[in-house]
Amino acid sequence: MRVLSGIKPTGNLHLGNYLGAVKQWVAMQDAIQAQGGETLYFIADLHGLTEWIAPAELSANTIEMTATIVAAGIDPDRSILFNQTRVPQHSELAWLLNNVARVGWLNRMTQFKDKAGKNREGASVGLYDYPVLMAADVLLYNTTHVPVGEDQKQHLELARDIAAKFNLDYDIDLFTPPEPMVSAEAPRIMSLRDASTKMSKSNPSEQARVNLVDDDDTIAAKFRKAKTDAEPLPDTVAALTDRPEAKNLVTIYAALADLTPDAVITQYAGQGFGTFKPALADLAVAKLGPIRDRMLRLLDDRAEVGKLLDQGAEKARALAAPTLLKAQRAMGLHV
Ligand code: TYM
């Protein structure tokens, strides 16, 4: 098994990315390696370019996100941790795959439609081509499993289609179709202000998300002020269906405590948010505080964090280069 996943450095790590992705990456580092498999994780800085971001911000975020991922438990000696830019094979394979992917396939991608909105003509070509680079990320390493949130599933289906068409067109068994892994323990975390939108780096209100850099008081205050309703918690998870804000807080509690939502409901049934919110705030501070403190210590030496990316990239290039070469040869490119 070879597991790979990535994250865009378009902001700081927040609770949604952490519970929806990075926490799973850490769990998988242990589980997959126990079975003799490999885990690769990367900062998708090239994907970060697809929507405008100030250069200084992109480069600072890349280092900060690396430090947060290490602080959260990814061990650079056990997992291969790098950024896309340091492994040029990602861009090179993406160009080759651009000639395999069809315009009709990309036109169906909902993320592009959502992000481009009404301004399709003004969207970057990079935003449109985003899923092809993502396919290259995955196919370059013959990845078997890709842990991602629900929102990335369609992109991985496309990667499977690209792999199959490449193998067919060039009559070669080169690319492995990857399996998306959307785990039940990797919930979709919604905004604390409006549970109909996901918690994201682009929420306009800072109150909508908990960042992994937030200090203890800020974390607690954000949960205390989170939008809820006036009812006490019910005694079944099913009864939360029409209460998205309450459901989101229960989901967050369960993910942080490594419990099922059922277990949380059993514990708090009949209690109001006056009790539940402070308990959630305490739990979040207890779980996130140590990660933040480790991250801040790592960031005392940013050059050292950059070196970790160098070392990871060297290992990644060694795995990526032979695959790229095979793809180039299969297509008739002389290298
Ligand atoms: P990105 O940076 O948007 O998000 C990183 C991961 O976090 C998940 N996620 C969430 N999960 C739960 N609740 C939320 N509110 C939430 N917000 C984000 C995302 O599903 C994702 O798993 N395209 C990818 C980066 C990427 C990639 C790849 C991933 C580039 N190449 C190859 C896997 C394999 C992305 O935009 O992630």
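Residues numbered from 1 in each chain as written. Predicted model: local features only at pLDDT ≥ 70, side-chain atom pairs only at ≥ 80, totals over all residues. Heavy atoms only, no water.

Is there a simple way to explain the overall build of the chain in this structure?
Across its full length, the chain carries 13 helices and five strands. The C-alpha radius of gyration computed for the chain amounts to 21 Å, which stays within 12% of the reference 20 Å derived for 335 residues, consistent with globular compactness. Counting the 335 residues in the chain, one finds 51% classified as buried. Contacts in the chain between residues at least 24 apart in sequence constitute 75% of all its contacts with a sequence separation of at least 6. As displayed, the chain has an accessible area near 15100 Å², and 52% of this comes from carbon and sulfur atoms. Taking the average location of the 36 positive side-chain charges in the chain and that of its 42 negative ones, the two points are 2 Å from each other. (Helix = DSSP H or I, 4+ residues; strand = E, 2+ residues; numbered from the N terminus. Rg over C-alpha atoms; globule rule 2.2 N^0.38 Å. Buried < 20%, exposed > 50% of the residue type's maximum accessible area, 1.4 Å probe, protein only. Contact = heavy atoms within 4.5 Å. Areas by Shrake-Rupley, 256 points an atom, 1.4 Å probe, with all protein chains shown as cover. Lys, Arg positive; Asp, Glu negative; His and termini not counted. Charge placed at Lys NZ, Arg CZ, Asp CG, Glu CD.)

Please explain helix H11 (residues 261-268) as it appears in this structure.
One full turn of an α-helix is made of 3.6 residues, so residues set three or four places apart face in the same direction. Those residues of H11 lying buried are Val264, Ile265 and Tyr268. Down the axis of H11, the sector holding all buried residues measures 100°, keeping them to one side. Taken together, the buried residues of H11 touch helix H10 (244-257) and helix H12 (273-298). Within two residues after H11, Gly270 carries a phi angle of roughly 85°, on the positive side. (Arc of directions from axis to C-beta.)

For this particular structure, what's the right way to read the packing of helix H4 (residues 89-98) against helix H7 (residues 125-139)?
Each packed pair of helices is defined by two parameters, the angle between the axes and the distance between the axes. Two elements in contact, H4 and H7, have axes separated by 8 Å at closest approach and are oriented at 120°. Judged by the angle between their axes, H4 and H7 are oblique. Note that H4 runs across H7; the crossing there is right-handed. Contacts from His90, Ser91, Leu93, Ala94, Leu97 and Asn98 of H4 reach H7 at Asp129, Val132, Leu133, Ala135, Ala136, Asp137 and Leu139. (Axes fitted to C-alpha atoms, helices over the stretch in contact; angles between N-to-C directions. Parallel < 35°, antiparallel > 145°, perpendicular 65-115°, else oblique. Left-handed = near helix turned anticlockwise from the far one by under 90°.)

Any chance you could explain the site of the ligand here in plain terms?
Around the ligand lies a shell of 27 residues, among which Lys8, Tyr130, Asp137, Asp151 and Ile189 are the nearest. Interatomic distance of 2.8 Å between a backbone N/O atom of Lys8 and an oxygen atom of the ligand. In the model, a nitrogen atom of the ligand is placed 2.6 Å from a nitrogen or oxygen of the Asp137 side chain. If the ligand stood free it would expose 720 Å²; the protein chains cover 97% of that surface. Put simply, the parts of the chain that give the shell around the ligand at least two residues each are strand E1 (2-7), helix H1 (15-34) and H7. Looking at the shell around the ligand residue by residue, the classes come out as 13 nonpolar, eight polar and six charged. (Near = heavy atom within 4 Å. Polar contact = N/O pair within 3.5 Å; in protein donor to acceptor, adjacent residues only side chain to side chain. Nonpolar A, V, L, I, M, F, W, Y, C, P; charged D, E, K, R; others polar.)

What is the right way to look at the pairing of strand E3 (residues 80-83) in this model?
Within a regular strand, the side chains alternate between the two sheet faces. The alternating pattern of E3 places Ile80 and Phe82 on one face and Leu81 and Asn83 on the opposite face, and all of these are buried. Sheet topology places strand E2 (residues 38-43) next to E3; four bridges connect them, and they run parallel. Across the sheet, the residue bridging to Tyr41 is Leu81, located in E3. (Pairing = 2+ DSSP bridges.)

How should the side chain of Thr143 be read in this particular structure?
Mapping Thr143 onto the fold places it in the loop between H7 and strand E4 (145-147). The exposure class assigned to Thr143 is buried, which follows from its relative accessible area of 0%. At 2.7 Å, the side chain of Thr143 forms a polar contact with the backbone oxygen of Val138. Apart from residues lying up to four places away in sequence, Thr143 is in contact with Arg2, Val3, Leu4, Val138, Thr176 and Pro178.

Help me understand H10 in this model?
In a regular helix each residue adds 1.5 Å, so 14 residues correspond to 20 Å; H10 covers 20 Å between its end C-alpha atoms and thus fits that length. Within H10, eleven of the 14 residues are buried, which leaves it mostly tucked inside the rest of the structure. Those residues of H10 that sit buried are Glu245, Ala246, Asn248, Leu249, Val250, Thr251, Ile252, Tyr253, Ala254, Ala255 and Leu256. Looking at the buried residues of H10, the elements they touch are H1, helix H9 (216-224), H11 and H12. Asp258 sits one or two positions beyond H10 and adopts a positive phi of about 55°. (Expected span 1.5 Å × (residues − 1).)

Help me understand the environment of Arg302 in this model?
For Arg302, the position within the fold is in helix H13 (residues 302-330). Separated by 242 residues in the primary sequence, Arg302 and Ala60 have C-alpha atoms spaced 9.2 Å apart. Arg302 has contacts with Ala60, Ile63 and Glu64, leaving out every residue within four places of it along the chain. Here Glu64 takes part through its side chain, which lies 2.8 Å from a polar atom of the side chain of Arg302.

Got a minute to help me understand the pattern of salt bridges in this structure?
It is possible for side chains of opposite charge to pair when their charged atoms get near one another. Under the defined criterion, the tally for this structure stands at 18 salt bridges. For Arg243, the salt bridge identified is with Asp229, shortest N-O distance 2.8 Å. With Arg243 in the loop between H9 and H10 and Asp229 in the loop between H9 and H10, this pair connects stretches of sequence that are 14 residues apart. Here Arg243 falls in the buried class, since its relative accessible area comes to 13%. With relative accessibility at 28%, the residue Asp229 sits in the partly exposed group. Residues joined in a network through salt bridges with shared partners are Glu206, Arg209, Asp214 and Lys222. (Salt bridge = Lys/Arg side-chain N within 4 Å of Asp/Glu carboxyl O.)

Scope: geometric values only; no functional claims are made or implied.
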